Amino acid sequence: MELDFTQAHVVSEWAHDRPLVCCRFDPLGRYVVCGAEDKGVHRFAMADGAKTSFTGGHDSWVMALAFSKDGNYVMTGGAEGRLVWWEAAAEAPQPARSIDGHKGWIRSMDLSPDGTLLATAGNDLIVRLWNAADGTLVRELAGHERHIYCTAFHPNGQFLMSGDLMGTLKQWNVATGEVVREFDASALHNYNGGQQVDFGGVRGIAVSPDSKYVAAGGLHKASNPLGSVHEPLVQLFDWETQEVVKSQIAEGIARGVIWRLRYLSDGTTLMGACGGADGGFLLFWNAEGEKDVHRFQLPNLLRDMDLHADGIHVATAHYDRNVRVTRLAAKGE
């Protein structure tokens, strides 16, 4: 299906009572589930927006989400370091399994393409692979020297990518736990000597469906990190050569940060979720150009994004306490 993302429009908007941090669609298309600046997990029904809150699993903000491949379970990661499995469709959800997975924040969760492995990462500098079915630890991947912000499985499932504060993008062999290669995404890292802070890092990763490219997103032009003076940036790498083939930018978005990247169903268009001073944006690039080919502005700062299994609907989690669903129109509609 050929998309016309220039006709994007919000079709649903549902409110919570605290700012939202993360969001994911369930693979069956029934729900969008959000983590928030509270201890709960919040499920919104796609049909009518009815909200169900999952409580009793976390002691802090819920920072990351992933669904089992069959949609029966949603896995959540908290700022206290706990992993929790919940029955996704339960009327009164209770934790089905709880694991102390990391020391400190869990910042990222990603499910392998075959649904057997759950990757998690965060502030303790370790990537962990878990059996998605029973929660047993399969493997630890050690090697990052600073906070890990994001993970993404390669479409073939053989490799896992992880990115950190310094712009180090590692490619891991899932079967052995060894580092295969490192990509240099240091353009996404900034150090300010006057403020004495490291800032930025790899905040989103996406591998193109044809495995030709790997994209790493974050920010650049950070002249005043503590004052949030920066703009969004995506580094597009050739998978084979590891060379940066494009620095994909979106000029003029003050305080812009790329929080997540996904390839659309056409296999060539890269979509980025960007939070900025003037609200949130869905940004679109193709591999041929450096500047975004379209930007769709949303009414408030966004922190996360997910693409529905239908390839048309996009969920965004916002600071103004709303989750919004945007529809990318098909050509000819």
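These numbers come from a predicted model, not from an experiment.

## Thoughts on the sheet that holds strand β4 (residues 41-45)
Sheet architecture is open: four strands sit in the order β2-β3-β4-β5, paired in antiparallel fashion. Only two strands of the sheet have a single partner each, and these edge strands are β2 (20-25) and β5 (51-54). Here the average twist between neighbouring strands, direction ignored, is 25°. Both β4 and β5 contribute to a ladder of four bridges, which runs antiparallel. The residue of β5 that forms the bridge with histidine 42 is serine 53.

## Things to note about the pattern of salt bridges
In the structure shown here, the tally under the stated rule is 16 salt bridges. Put simply, arginine 324 and glutamate 13 hold a salt bridge, and the shortest N to O gap is 2.7 Å. Of this pair, arginine 324 sits in strand β30 (residues 322-330) while glutamate 13 sits in strand β1 (residues 3-15), placing them 311 residues apart in sequence. The exposure class of glutamate 13 is partly exposed, given its relative accessible area of 45%.

## Details of the packing of aromatic side chains
Geometrically, a pair of aromatic rings is defined through the distance of the ring centres and the angle of the planes. Enumeration over the complete set of coordinates arrives at six aromatic pairs. Ring centres of phenylalanine 159 and tryptophan 239 lie 6.2 Å apart, and the angle between their planes is 45°; on these two criteria the pair is classed as tilted. Of the two residues, phenylalanine 159 is situated in strand β15 (residues 159-164) and tryptophan 239 in the loop between β22 (229-238) and β23 (244-249); the sequence distance between them amounts to 80 residues. Across the pair, tryptophan 239 and phenylalanine 159 agree in class, each one buried. Here the aromatic rings of phenylalanine 183 and phenylalanine 237 are separated by 5.5 Å at their centres, their planes lie at 75°, and the arrangement is edge-to-face. Taken together, the residues phenylalanine 183 in strand β17 (residues 179-184) and phenylalanine 237 in strand β22 connect sequence positions 54 residues apart.

## Notes on the nonpolar core
In terms of nonpolar packing, the biggest core is built from 17 residues, with Met161, Leu169, Val202, Ile205 and Val214 touching the most fellow members. At the level of secondary structure, the elements contributing two or more residues to this core comprise β14 (148-153), β15, β20 (204-207), β21 (213-224) and β22. Among all residues touching valine 214, those that are not within four sequence positions of it are Met161, Leu169, Phe183, Ile205, Ala206, Val207, Gln235, Leu236, Phe237 and Trp239.

## Comments concerning the pairing of β21
Burial of β21 is extensive: nine of the 12 residues sit out of reach of the surface. Inspection of the sheet shows β20 paired to β21 by four bridges, in the antiparallel sense. Note that in β21 the partner of valine 207 across the bridge is valine 214. As paired elements, β21 and β22 share nine bridges and run antiparallel to each other. What sits directly across from asparagine 224, in β22, is valine 229. Connecting β21 to the next strand, β22, in antiparallel fashion are four residues, including serine 228 with a positive phi near 60°.

## Details of the environment of tyrosine 73
By secondary structure assignment, the location of tyrosine 73 is in strand β7 (residues 73-78). The class of tyrosine 73 is partly exposed, set by a relative accessible area of 32%. C-alpha of tyrosine 73 to C-alpha of aspartate 26: the two residues are 47 residues apart in sequence and 9.0 Å apart in space. Setting aside anything within four residues of it in sequence, one finds tyrosine 73 in contact with Ala66, Phe67, Ser68, Trp85, Trp86, Glu87, Ala88 and Ala96.

## So, the pairing of β23
Pairing of β22 with β23 involves five bridges; the strand directions are antiparallel. Looking across to β23, one finds that leucine 236 is bridged to lysine 246. The turn joining β22 and β23, which pair antiparallel and follow one another in sequence, is formed by five residues; a positive phi near 70° is taken by glutamine 242.

## Digging into the side chain of histidine 230
Structurally, the position occupied by histidine 230 is in strand β22. At a separation of 3.1 Å, a polar atom in the side chain of histidine 230 contacts the main-chain carbonyl oxygen of glycine 256. Leave out the neighbours within four places in its chain, and histidine 230 touches Phe199, Leu219, His220, Lys221, Ala222, Ile253, Ala254, Arg255, Gly256 and Val257.

Criteria and cut-off values
Residues numbered from 1 in each chain as written. Predicted model: local features only at pLDDT ≥ 70, side-chain atom pairs only at ≥ 80, totals over all residues. Heavy atoms only, no water. Pairing = 2+ DSSP bridges. Helix = DSSP H or I, 4+ residues; strand = E, 2+ residues; numbered from the N terminus. Axes fitted to C-alpha atoms, helices over the stretch in contact; angles between N-to-C directions. Salt bridge = Lys/Arg side-chain N within 4 Å of Asp/Glu carboxyl O. Buried < 20%, exposed > 50% of the residue type's maximum accessible area, 1.4 Å probe, protein only. Phe/Tyr/Trp six-rings, centres within 6.5 Å; stacked < 30°, edge-to-face > 60°. Core = buried A, V, L, I, M, F, W, Y, C linked by side-chain atoms within 4.5 Å. Contact = heavy atoms within 4.5 Å. Polar contact = N/O pair within 3.5 Å; in protein donor to acceptor, adjacent residues only side chain to side chain.

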